[in-house]
Every structure is written in C-alpha cells, then in structure tokens.
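Here are the chains, one letter per residue:
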Amino acid sequence: MFKDQPYEELPIDEIEYELKNLQEYTEKIFITGADPLAVGYKKMMQVLKKVKKYAPYCACVAAYASVRTIAKYSVEELKDLHEAGLRLLYIGFESGWDYALKLMGKGHTVELAIEQGKKLNEAKIQFNSIVMYGIAGKGKSVENAIKTAEMLNQFQSYRIVTMNLTVFETTELSKMVKNGQFIQANSNEKLLEIKTLLEHLDLKKPTIFDTTHATNMIKLEGMLPDEKAKLLSELPL
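To keep things clear, this report deals only with the structure shown in the data block. Each chain carries its own residue numbering, running from 1 in the direction its sequence is written. In view of the model being predicted, local features appear only for residues whose pLDDT reaches at least 70, and side-chain atom pairs are presented and counted only at 80 or more, with totals across whole chains, interfaces and linings using the full set of residues. Just so you know, side-chain values use all the structure's heavy atoms and leave hydrogens and water out.

1. Quick look at the environment of Leu201
Only DSSP runs of H or I with at least four residues qualify as helices, and only runs of E with at least two residues qualify as strands; both kinds are numbered from the N terminus onward. In this fold, Leu201 is placed in the loop between helix H9 (187-200) and strand S6 (207-210). Using a 1.4 Å probe on the protein chains alone, a residue whose accessible area is under 20% of its type maximum counts as buried, one over 50% counts as exposed, and one in between counts as partly exposed. Owing to a relative accessible area of 4%, Leu201 belongs among the buried residues under this scheme. As a C-alpha pair, Leu201 and Ser66 span 135 residues in sequence and 22 Å in three-dimensional space. Residue contacts are defined here by distance: any two heavy atoms, one from each residue, within 4.5 Å place the two residues in contact. In contact with Leu201, not counting residues within four places along its chain, are Ala149, Leu152, Asn153, Ile160, Phe209, Leu224 and Lys228.

2. A short note on the pattern of salt bridges
Salt bridges, as used here, are contacts in which a Lys or Arg side-chain nitrogen is within 4 Å of a carboxyl oxygen on Asp or Glu. Scanning the entire structure with this criterion turns up 11 salt bridges. Linking Arg159 and Asp210 is a salt bridge whose minimum nitrogen-to-oxygen distance equals 2.9 Å. One end of the pair, Arg159, is in strand S5 (residues 159-164); the other, Asp210, is in strand S6, with 51 residues separating them in the sequence. For the residue pair Arg159 and Asp210, the accessibility class agrees, reading buried in each case. Glu169 is the partner of Lys178 in a salt bridge, and the nearest nitrogen-oxygen pair spans 2.9 Å. We classify Glu169 as exposed; its relative accessible area is 53%. One network of salt bridges, with partners in common, ties together Glu16, Lys50 and Lys53.

3. Some remarks on the side chain of Asn164
In this fold, Asn164 is placed in strand S5. The buried category is assigned to Asn164, whose relative accessible area is 12%.

4. Describing H9
By this rule the span expected of a helix is its residue count minus one, scaled by 1.5 Å. Here H9 contains 14 residues, and its C-alpha end-to-end distance of 20 Å stays within 8% of the 20 Å for a straight helix at 1.5 Å per residue. Restricting attention to buried positions, one finds in H9 the residues Glu189, Lys190, Leu191, Glu193, Ile194, Thr196, Leu197 and Leu198. The opening residue of H9 is Asn186, an N-cap whose side-chain oxygen sits 3.2 Å from the backbone nitrogen of Asn188. Polar contact is the term for a pair of N or O atoms within 3.5 Å; when the atoms are in protein, one must be able to donate a hydrogen and the other to accept it, and sequence-neighboring residues count only if both atoms are side-chain atoms.

5. Here we look at a nonpolar patch on the surface
The residues that make up patches have over 30% relative accessible area and no salt bridge, and they are joined within 9 Å when like-charged or within 5 Å when they are Val, Leu, Ile, Met, Phe, Trp or Tyr. With residues, only the protein chains shown are counted as cover, and all accessible areas are computed by Shrake-Rupley using a 1.4 Å probe. Judged by side-chain polarity, Val142, Leu192 and Leu237 come together as a nonpolar surface patch covering roughly 240 Å² of accessible area. Turning to its location among the elements, Val142 is positioned in helix H7 (residues 141-152). Relative accessible area serves as the criterion here: at 34%, Val142 is assigned to the partly exposed category.

6. Some remarks on the sheet that holds strand S2 (residues 60-65)
The strand order across the open sheet formed by seven strands is S1-S2-S3-S4-S5-S6-S7, and the pairing between neighbours is mixed. A strand with exactly one partner marks an edge of an open sheet, and here the two such strands are strand S1 (28-31) and strand S7 (221-224). Between one strand axis and the next, the sheet turns through 20° on average, direction left out of account. For S6 and S7, the ladder comprises four bridges, and the chain directions are antiparallel. Directly across from Ile208, in S7, lies its bridge partner Met223. In this description, a line fitted to the C-alpha atoms serves as the axis of each element, helices being fitted only across the stretch in contact, and the angle between N-to-C directions of two axes falls anywhere from 0 to 180 degrees. Running over the sheet, H9 touches strand S4 (126-133), S5, S6 and S7 and is turned about 140° from S4. What makes two strands pair is DSSP finding at least two bridges between them.

Keep in mind these numbers describe shape, not what the thing actually does.
So this is what it looks like as structure tokens:
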C-alpha cells in the first residue's frame, strides 16, 4: 500500500503488551496500519481474542482494509471475524471505473470490488466505502461519478466517504502531473463530480453520505436516500 515502506507485522506479544495497557471499559478499538487484515485469518483471530481478553466491554473493533486483502478471506472466515468482534472496516474502493483504478495502480478491478462488498454484506461486517473525486483527471469526472455510483449501488455500505484527490510531491502521480500525463480536474469539475455521484446513487437501505474528511472541498453529511435533495441543494452549483 505504501510502496516505499517494506511490509511489516507486529508480533502478537507486542500487540498483547499494548492491549494490557487499555482501560477495561474501552468500547471501541481501531487497529492501526494500512491494511491489518493482510496478516491473515489465523493471526486476526488471535488479535481479536486478545482484545476480548483485555477489553471485554469493547463493542467494536475497526480497521482499514483493501479490496485485494478481503478477497483472500472466505465468507465463513469473515463471519468468524465478525463473531469475534470485528465490526467495521474502512475500504478504499476509490472508483467504480477500471480506467481510473488502473491509472492509479490500485491493483483491483471493479468486478472484484463488487464481489468483496457483497461478501462483507453476507458476513454482516459493516464497512465505510471510501471513494475519491478527481481521480480520473480533467474531463472525466462525470463518467467516473456515474460508474462509481453504479458500483456503490451493488452492495450496502454503512457510510460512503468522499475524498478529494491530493497530489503529494515525490509520488508517481506527481511525476505524471509534471510531465503532462495526468491533468487535474478543476474545482468546478470536482463539485460536478460530487453532484453527479449523489444524483446516481440509488441505495436500497439508509446510508450515510459523508464529505467531511479534511481533504474535501465542501463539508456535507446526510442520510441517503431521504436527504438526497437536501444534500444536492447545499452544493454550490
């Protein structure tokens, strides 16, 4: 996930040492790291059992997860993790357009993403779907929004979280911008992308739509589908 950093796992005894210092009545624990589920089913179960031991009142263990990592788990394994306390995942789907996913080197396809979303629904693990506007570049925002909405409509997210594409120095994307391979969408086009995404979301169950992350151009939060009209009215377009 971070190409300049080698993959590394904390030993179970180090994790247990940290858990020993928790308050007994801790209600929520977030497992840090870019993709904690990458440690595999056996070790994740060990971690969750340690959480239960040292934080018996913890009602929710949450973590980041990637589409590719979730694909390595069976539905039954995910059900086991849910039963052991894993209650919420934050997943970087980023886009519902294979063009954009390939451009950004995400390493998964839209088809795989939809399969994993449905798998998590079956396993009863809630997840926040993180998507990014501006990711397809100038002139492609509307198409990216429509395709991303089509993907999100295929499964049930707890929360849809938008982020604004941010280009950091020293990254491959920064080099692409400098040599003209990637032209960034302007502010108006990005706002149009948010609007188009909202318009095309057709969700079966109540879902929070959230643009309050620090990278966002505008701060919105509301429940879909009931508050769709209100959210659209708050966009400066």
